[in-house]
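Here are the chains, one letter per residue:
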Amino acid sequence: MTHLVTDLLRAPVSTGVELCYQTFGDPDGEPLLLVMGLGGPLTWWDDALCLRLADEGFHVIRFDNRDAGRSSRMRGKVTRATLVRAFAGLPVRAPYSLDDMAADGFGLLDHLGIGSAHLAGISMGGMIVQTMALADPRRVRSMTSIMSTTGRRTVGWQHPSLLPPLLTGGRTGKEAYVAQSTRMWSLLGSPAYPVTEEDNRVRAAETWDHGVSAAGTLRQMVAILTQPDREPRLRGLRVPSLVVHGLADKMVHVSGGRATAAAIPGAELVLVDGMGHDLPEELFDTFTAAIRRTADRAARAEG
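### Concerning unusual backbone geometry
Here the phi dihedral of aspartate 67 falls at roughly 70°; this positive angle occurs in a residue that is not glycine. Note that aspartate 67 resides in the loop between strand S4 (58-63) and helix H2 (80-87). With relative accessibility at 1%, the residue aspartate 67 sits in the buried group. For serine 123, which is not a glycine, the phi torsion comes out positive at approximately 55°.

Listed below in structure tokens is the structure:
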């Protein structure tokens, strides 16, 4: 099948914020906004997965969140002390919130002239699409929350082994980034769908070349750590929803996915054995079919 894939484009979404984005598929297809997680660029939504989704009739839109990839860099310094306080649940001043990042998503849809769209988000992106659905459900046709959580601190926790590398900083340059990223993905990846160290190094190098902001990732982290508990509001959500989570996820414990699905009326929960905190190529068909199924449920509800 011939696919229409745009170059990287830019969209002003609010004062001081421009997002880098790219689309796949027929512009007349069903719009599907893909929202990435912490520090992740749009390229972490694999081209092959985007193309499969386009094959299913979606007009796929992937983008760099603020402070990631080639989108705008925000202001506000986050220190190690700030992170430690936020991890402990103590009050800190966040440079921006998940609500602001949700508004970015709506701003991108506005730029594209799209009134409503299907949403799919990974990790922090799942938190963002949940926030979007709660903020304006009329603009959300369906929602898919992948390896994410509700914001309640007693679910979706990180494995303790991840905290030291998450708080590690100070080294700069491509070589240091690639080394650190490769180590991190060796911890986060899916044990049932292993990726070679070389593949992780290639991905890290491509991420660096696309654009990395260590300070921006820290600002995103504080937005995550200061998010509200959405669970009470999710119980009133009437958007057709899908929750996907790996049973081997060390970054966001599967309790986060279970809590999300339990909170949203009628949500479908897909738990995947041996899946960690990544999107293995072997599961692309599973993800695509589930997102398509959820979109079809939304169409039937509208009909």
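Having seen the structure, we can now continue with the description.
### Observations regarding the pairing of strand S6 (residues 140-146)
Most of S6 sits inside the fold, with 6 of its 7 residues counted as buried. Where strand S5 (residues 117-122) lies against S6, 6 bridges are found, and the strand directions are parallel. Within the sheet, the bridge partner assigned to isoleucine 122 lies in S6 and is isoleucine 146. With helix H4 (residues 124-135) bridging S5 and the parallel S6, this β-α-β connection has right-handed handedness. Examined bridge by bridge, S6 and strand S7 (residues 241-246) share 4 bridges and lie parallel to one another. Directly across from threonine 144, in S7, lies its bridge partner leucine 242.

### Here's the deal with the pattern of salt bridges
Counted by the stated rule, this structure contains 13 salt bridges. Lysine 174 is the salt-bridge partner of aspartate 209, the closest N and O atoms lying 3.1 Å from each other. One end of the pair, aspartate 209, is in helix H7 (residues 197-210); the other, lysine 174, is in helix H6 (residues 174-188), with 35 residues separating them in the sequence. The exposure class of aspartate 209 is partly exposed, given its relative accessible area of 47%. Measuring nitrogen to oxygen at the nearest pair gives 2.6 Å for the salt bridge that ties arginine 293 to glutamate 268. With arginine 293 in helix H11 (residues 284-302) and glutamate 268 in strand S8 (residues 268-272), the pair connects residues that are 25 residues apart, well separated along the chain. According to the relative accessible area criterion, arginine 293 is partly exposed, its value standing at 37%. Overall, glutamate 268 belongs to the partly exposed group, its relative accessible area being 25%. Several salt bridges converge on common partners, so that one network encompasses Glu30, Arg292 and Asp296.

### Focus on the environment of serine 97
Among the structural elements, serine 97 can be located in the loop between H2 and helix H3 (98-111). Sequence spacing of serine 97 and arginine 219 is 122 residues, and the spatial spacing of their C-alpha atoms is 9.2 Å. Among the polar contacts made by the side chain of serine 97, one reaches the main-chain amide nitrogen of aspartate 99 at a distance of 3.2 Å.

### Examining the pairing of strand S2 (residues 17-24)
In terms of burial, S2 is a largely internal element, 7 of the 8 residues being buried. Examined bridge by bridge, strand S1 (residues 9-14) and S2 share 5 bridges and lie antiparallel to one another. In the strand pairing of S2, serine 14 is matched with valine 17. Count of turn residues in the S1/S2 antiparallel hairpin: 2 residues, of which glycine 16 carries a positive phi of about 85°. As judged from the 4 bridges shared by S2 and S4, these two strands associate in the antiparallel manner. Bridge pairing in S4 links tyrosine 21 to phenylalanine 63.

### Description of the side chain of glutamine 130
Structurally, glutamine 130 is set in helix H4. With sequence-adjacent residues up to four places away left out, glutamine 130 is seen in contact with Met143, Ser145, Ser148, Thr149, Thr150, Arg230, Leu234 and Thr260.

### So, the packing of H3 against H4
Two numbers describe how H3 lies on H4: the axes approach to 9 Å, and their chain directions differ by 75°. The angle between H3 and H4 places the two elements in the roughly perpendicular class. Each of Leu98, Asp99, Met101, Ala102, Gly105 and Phe106 in H3 lies in contact with H4, whose residues at this interface are Met124, Met127, Ile128, Thr131, Met132 and Ala135. Tallied by class, residues from the contact of H3 with H4 come to 9 nonpolar, 2 polar and 1 charged.

### Structural notes on the packing of aromatic side chains
The geometry of an aromatic ring pair is captured by two quantities: the separation of the ring centres and the angle between the planes. Overall, the coordinates contain 2 aromatic pairs when judged by the stated rule. Judged by centre distance (5.3 Å) and plane angle (85°), the ring pair of tryptophan 44 and tryptophan 185 falls under edge-to-face. Taken together, the positions of tryptophan 44 in the loop between strand S3 (30-35) and helix H1 (47-55) and tryptophan 185 in helix H6 put the pair 141 residues apart, joining distant regions of the chain. For the pair tryptophan 44 and tryptophan 185, a shared accessibility class is recorded, and that class is buried. Look at tyrosine 177 and tryptophan 208: their rings are 5.7 Å apart centre to centre, the planes differ by 40°, and that puts the pair in the tilted class. Here tyrosine 177, found in helix H6, pairs with tryptophan 208, found in helix H7; they are 31 residues apart in sequence, far enough to count as distant.

Calculation rules
- Residues numbered from 1 in each chain as written.
- Predicted model: local features only at pLDDT ≥ 70, side-chain atom pairs only at ≥ 80, totals over all residues.
- Heavy atoms only, no water.
- Helix = DSSP H or I, 4+ residues; strand = E, 2+ residues; numbered from the N terminus.
- Buried < 20%, exposed > 50% of the residue type's maximum accessible area, 1.4 Å probe, protein only.
- Pairing = 2+ DSSP bridges.
- Right-handed = clockwise from strand over helix to strand, strands pointing away.
- Salt bridge = Lys/Arg side-chain N within 4 Å of Asp/Glu carboxyl O.
- Polar contact = N/O pair within 3.5 Å; in protein donor to acceptor, adjacent residues only side chain to side chain.
- Contact = heavy atoms within 4.5 Å.
- Axes fitted to C-alpha atoms, helices over the stretch in contact; angles between N-to-C directions.
- Parallel < 35°, antiparallel > 145°, perpendicular 65-115°, else oblique.
- Nonpolar A, V, L, I, M, F, W, Y, C, P; charged D, E, K, R; others polar.
- Phe/Tyr/Trp six-rings, centres within 6.5 Å; stacked < 30°, edge-to-face > 60°.

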